[in-house]
Structures are given as C-alpha cells and as structure tokens.
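This is what each chain is made of:
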Amino acid sequence: MVVIVEEGLKGVRFFEFLTEEEREEFAEGSEPASFGPGETLIEEGRDPGSLFVLTSGRVEVRKRVPGHGDRLLARIDAAEGRTVVGERGLLGESGASATVMASGPVEAIKIPRETFRRMVAEGRPAAFKLSYRIARTLARRLTRLDEEVAEAIRELERRGETDLEAFRDRLITDWAI
Amino acid sequence: MEGTPSLRDVPLFRHLNDEEREELEELLEPADFEAGETLFEEGGLEVRLYVITSGTVEVHKGVLPGRRQHLATMKAPTVVGEMGLLTEPRAAASVEAKTSVEAYGIDRDRFLEMLDADSPAACKVVYEIGRALADRMARTDESIAGIIAQLENAPEATNFDVFQDRLIREWSF
C-alpha cells in the first residue's frame, strides 16, 4: 500500500521539494481514499481535517454565501495534473472554509492531520518542509488579496469604471482550502 | 548578559527548546528606535525581522492617497516583519515606533540559510508563522464571503461609498 501511495505522491508539484526519502515518510503515514459522486472530501465549517492529493477524478469546491446558498469557487480535474486540497487544514485550527465534493468517482491519497502533527512533534524535516511550503502559499495569497482589496478601494475612490464583478472573481481565485 | 536578550518571552519562539533558542539568539542584532522612527516603510525592503522586547509600535498602510489607515498597535514582546521570510522582502505596511522601542533584528538571509540547512530552530519558527497565517487565512476567507454576499445581493445597487467604507473598515490587512 505504501508503494501505491508513494506513486501517488510522485509528480505532484506540491511535493516536488521533498526528497524521495521524505516522500516515503509521508507515504507511510498516508492512506488511499476513494469517493463516489456527491461525497465530500472536506466539509465547510467542520474541524480542520486532512490534506488530499487528488490522483484521479474531478471535484467541485463550493462555499456558502450568506443568503445565497452556495457558490462554486472552482472545479478541479486531476487529469490536468495531480493537485492538493486541504493544505490549510493541516496547519490551522479553524474549520475548513469551503466544501470539496466529488463530481464523479475520485481517487485520492489522504495525509491525515494526526500523521502530520505527529511528524512535527517528532521534529521530522519532511513535515517542516511541508509547513514551509503551505505557509508560503498562504502568505502569497494573503499578500495578493490585500493588494486586490487596497486596489479596489482606490478604484472606488477614483470613481473609475469599477468592475465589482471582476473584483469579486479575483478575490475567489486560488482559494486555499 | 547585556545585548543578548532571551527570546523565551516572545510568543513566536515559545516552542523552541533552550538550545534552539540560543541558536537564534546568536543572530540578534540590537536596534533601538525613538518614538516616531520607522522600523519598516511600506513598499520598502524588509531585509530583517524585528523582535521587539520593549515599547509599542504602530502599523499603518497607505490604502488611499494622502490617508494612512491604522491597522494595528503592537506591544512588546512581539515580532514584526516575519511575513518577509515567506514572501518577497517588501514591507506590506509601515511600522513606526510609538514609544521608544528596544528591538533586535534578525537578518532574513541568515534565517533563510538556517532554514535551508534544516535547522530545527528555524523550522519551528516557520511552522508557528504558518499556523498563525492559516488562522488569518480563515478569517480572511470569511471577510471575502461577506464581500461576495454583498456584491451578489444587488451588484448594480451597490452603493460605492458604503461598500468602500466597509472594505476599509472590515478588511484586516
């Protein structure tokens, strides 16, 4: 099973910075996970959970908007490159900020939060490298969002042709789940 | 010992053991500021972070021309400029001493070298910064949900003044 999981972690851009041994360490604490259409990998508002590497299938990312049901933030297709969801949950203490739901059959590899936390407690470099990577992703997104909002405020001040819809769309790109 | 304060009281460093703390303490360079002096200029280089051991600083951002938005008042013991470790070394806001401030700089490049060498001290500090960022991201995501809700309620009826005020007031830069 470790071999399957290890194969799954290969070729994921998110894990490129790890050495082969470090990927193995993660593989040992990870497990394969399958989801049917409509099943949720991550549920908004629930306890922070695990990181998932999507190896096949498609998912939808949705966020509840007060008074509007929910809004589709993104569609992710593993066929376009193995990708990662739930990375913020590994580091944070708050509930997930969006729901990730399988659109069809989905195969994934789950790195449970407990595995990650145990590796941190043991002082394993692999876990710290992953947190560095996640922290950088978050820092960049926060910096970019701050600039988006500051720019929108200036735009409103200039009474220019403020395209609020475009502004809204820029706010929700690269949502870090 | 004079000139080598302990990082023990600073929240960002509280998970370090004695040995790790001493490793970082070796990087500390004393840097004191008078009230009114600038630790970081918005948009300027952020080549070090500061551990503030006494005094108070204020954080401002120039959101609108000619107006400085007050973002935070921070009291010792605290750290400023730590975001520069994770992004471009450019200050996103200005930090100014409100009282006289006793601080110690940690050079960004030296810290990043330690991180590259898998120094447990540097790794743990970045892990703590990451945890703080993850929680800040969660709050930011809620602010965004509020903005989206407002824009989707009636985009064409959105009062620009009210909306702008709300962005300024509620966005935690």
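Data block above holds the structure.
Bear in mind the structure is a predicted one, so any value in this text is a computation, not a measurement.

What counts as what
Residues numbered from 1 in each chain as written. Chains lettered and ligands numbered in written order. Predicted model: local features only at pLDDT ≥ 70, side-chain atom pairs only at ≥ 80, totals over all residues. Helix = DSSP H or I, 4+ residues; strand = E, 2+ residues; numbered from the N terminus. Contact = placed C-beta atoms within 7 Å. Nonpolar A, V, L, I, M, F, W, Y, C, P; charged D, E, K, R; others polar. Pairing = 2+ DSSP bridges. Axes fitted to C-alpha atoms, helices over the stretch in contact; angles between N-to-C directions. Core = buried A, V, L, I, M, F, W, Y, C linked by C-beta atoms within 7 Å. Buried ≥ 20, exposed ≤ 12 C-beta atoms within 10 Å, placed from the backbone.

Draft legend 1. Highlighting the overall build of chain B. Per the secondary structure count, chain B includes four helices and eight strands. Reading chain B from its N end, one meets helices and strands in the order α-β-β-β-β-β-β-β-β-α-α-α. Oriented by its inertia axes, the alpha-carbon framework of chain B measures out at about 65 × 35 × 25 Å.

Draft legend 2. Structural context of the interface of chain A and chain B. Counting residues at the interface gives 42 residues for chain A and 40 residues for chain B. Among the elements of the structure, α3 (87-91), α5 (125-158) and α6 (164-171) of chain A are those that each provide at least two residues to the side of chain A that touches chain B. Considering every element that reaches the side of chain A that touches chain B, the biggest residue donor is α5 of chain A, with 21 residues. A per-class count over the side of chain A that touches chain B returns 22 nonpolar, nine polar and 11 charged.

Draft legend 3. Main features of the sheet that holds strand β7 (residues 94-97) of chain B. Residues and elements named next belong to chain B. Within the open sheet, the four strands sit side by side as β2-β7-β4-β5. Their pairing is antiparallel. Taken across any chain shown, the strands that pair with only one partner, and hence form the sheet edges, are β2 (38-40) and β5 (67-75). Strand-to-strand twist of the sheet, defined as the mean angle between neighbouring strand axes without regard to direction, takes the value 30°.

Draft legend 4. Expanded view of the nonpolar core. Leu41 and Ala135 of chain A together with Tyr50 and Val80 of chain B are the most contacted members of the largest nonpolar core, which has 93 residues in total. Here this core takes 15 residues from α5 of chain A, the largest share from any one element. Once residues lying within four places of it in the same chain are set aside, the contact partners of Ala135 of chain A are Leu86, Val126, Ile129, Gly130 and Leu133 of chain B.

Draft legend 5. A look at the pairing of β7 of chain B. Where β2 of chain B meets β7 of chain B, two bridges bridge the pair, whose relative direction is antiparallel. Looking at the pairing, Thr38 of chain B lines up with Glu96 of chain B of β7 of chain B.

Scope: geometric values only; no functional claims are made or implied.
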